[in-house]
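# Observations on the three-dimensional arrangement
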Amino acid sequence: MSYYFAIIGTQDNPLFEHEFGTSKQGGDGIARFPEQARHMNQFIVHSSLDIVEEVQWGGGQMYLKCIDRFYNNYVSCFVTGGNVKFLLLHAPSQPAGANQNRASTSIAANPTSPQAEEAIKQFFTEVYENWVKTIMNPFYQVNMEVKSPVFRGRVAAAGKKYL
């Protein structure tokens, strides 16, 4: 499965982006988005912001689960207390309907399964902890892009650990 992770600020501006692949079940950690669709990742994530704004006020939870689907891509969301949105676009390695004759428990085969939702929730929680540590820096200003290689490494490590 391929992942595109974006942090969107309070003014709907991108603060951080990272693309990676699964490291579970023999994955090499490299994103395998089709080349002709790679440029669509930002568009898909930003088009989900309208749905996020509708859903975030309904339940009062930070983790909103899988909120949108665009063809074979799923978007999961986590909203911080400061209204910064963590969006994760995940695309299964094979089309969703290609494996109907046998049930698979693989996270990559079932992007909306309870196991996948729990793994994504744990990923978001760890990234949120690192996000709070990053924005506590006295030199950070609200809605400023995060360019820290340490933060990028910690996001990559969380992706490798949970996804």
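Residues numbered from 1 in each chain as written. Predicted model: local features only at pLDDT ≥ 70, side-chain atom pairs only at ≥ 80, totals over all residues. Heavy atoms only, no water.

## A short note on the pairing of strand β3 (residues 63-70)
Here is the rule we go by: Here, a strand pair is defined by DSSP locating no fewer than two bridges between the strands. The way it works is that DSSP assigns letters per residue, a run of H or I at least four long becomes a helix, a run of E at least two long becomes a strand, and they are numbered from the N terminus.
Bridging between β3 and strand β4 (residues 73-79) involves 6 bridges; their strand directions are antiparallel. The residue bridging K65 from the neighbouring strand is C77, located in β4.

## Side note on the packing of aromatic side chains
Here is the rule: Pairing of aromatic rings covers Phe, Tyr and Trp, the last counted by its six-membered ring, and requires centre-to-centre distances within 6.5 Å; plane angles under 30 degrees mean stacked, over 60 mean edge-to-face, and any other angle means tilted. The rule is simple: take the accessible area with a 1.4 Å probe, protein chains only, and divide by the maximum for that residue type; under 20% is buried, over 50% is exposed, in between is partly exposed.
Tallying each qualifying case throughout the model produces 18 aromatic pairs. Ring geometry for F5 versus F86: centroids 5.8 Å apart, planes at 75 degrees, classification edge-to-face. Of this pair, F5 sits in strand β1 (residues 2-8) while F86 sits in strand β5 (residues 85-91), and the two are 81 residues apart along the sequence. Each member of the pair, F5 as well as F86, carries the same accessibility label: buried. Between F5 and F124, the aromatic rings sit 6.3 Å apart at their centres with planes inclined by 45 degrees, giving tilted as the arrangement. With F5 in strand β1 and F124 in helix α3 (residues 114-135), this pair connects stretches of sequence that are 119 residues apart. Overall, the relative accessible area of 0% leaves F5 in the buried class.

## Considerations on helix α2 (residues 49-59)
Applicable threshold: Working definition: the arc comes from the directions between the helix axis and the C-beta atoms, pointing outward to the latter.
Along α2, the residues classified as buried are L49, V52 and Q56. Mapping the buried residues of α2 onto a view down its axis gives an arc of 40 degrees, with all of them on the same face. Those residues of α2 that are exposed and angled more than 90 degrees off the buried face are D50, E54, W57 and G58. Immediately beyond the C-terminal end of α2, within one or two residues, lies G60, with a positive phi of roughly 75 degrees.

## Considering the pairing of β4
For β4, the buried fraction is high: 7 of the 7 residues fall into the buried class. Neither face of β4 is exposed, since N73, V75, C77 and V79 on one face and Y74, S76 and F78 on the opposite face are all buried. Hairpin geometry of β4 and β5 is characterised by an intervening segment of 5 residues between the two adjacent antiparallel strands and by a positive phi of about 65 degrees at N83.

## Overview of the nonpolar core
Put simply, the test is: Here, nonpolar core refers to any group of buried Ala, Val, Leu, Ile, Met, Phe, Trp, Tyr and Cys residues whose side-chain atoms link them within 4.5 Å. We call two residues in contact whenever any of their non-hydrogen atoms come within 4.5 Å of each other.
F5 and F123 are the most contacted members of the largest nonpolar core, which has 25 residues in total. Residue assignment for this core shows that the elements contributing at least two residues are β1, β2 (14-21), β5, α3 and α4 (149-162). For F5, the contacting residues outside a window of four places in its chain are F16, E17, H18, F20, F86, L87, L88, F123, F124, V127 and V155. Membership of the second largest hydrophobic core comes to 14 residues, among which are I44, V79, L87 and L89.

## Regarding the pattern of salt bridges
What counts is decided by this rule: Salt bridge, as applied in this entry: a Lys or Arg side-chain nitrogen positioned within 4 Å of an Asp or Glu carboxyl oxygen.
Inspection of every chain in the model, using the stated rule, returns 1 salt bridge. Between K161 and E126 there is a salt bridge; the shortest N-O distance is 3.6 Å. Remark: E126 occurs in helix α3 and K161 occurs in helix α4; sequence separation between them is 35 residues.

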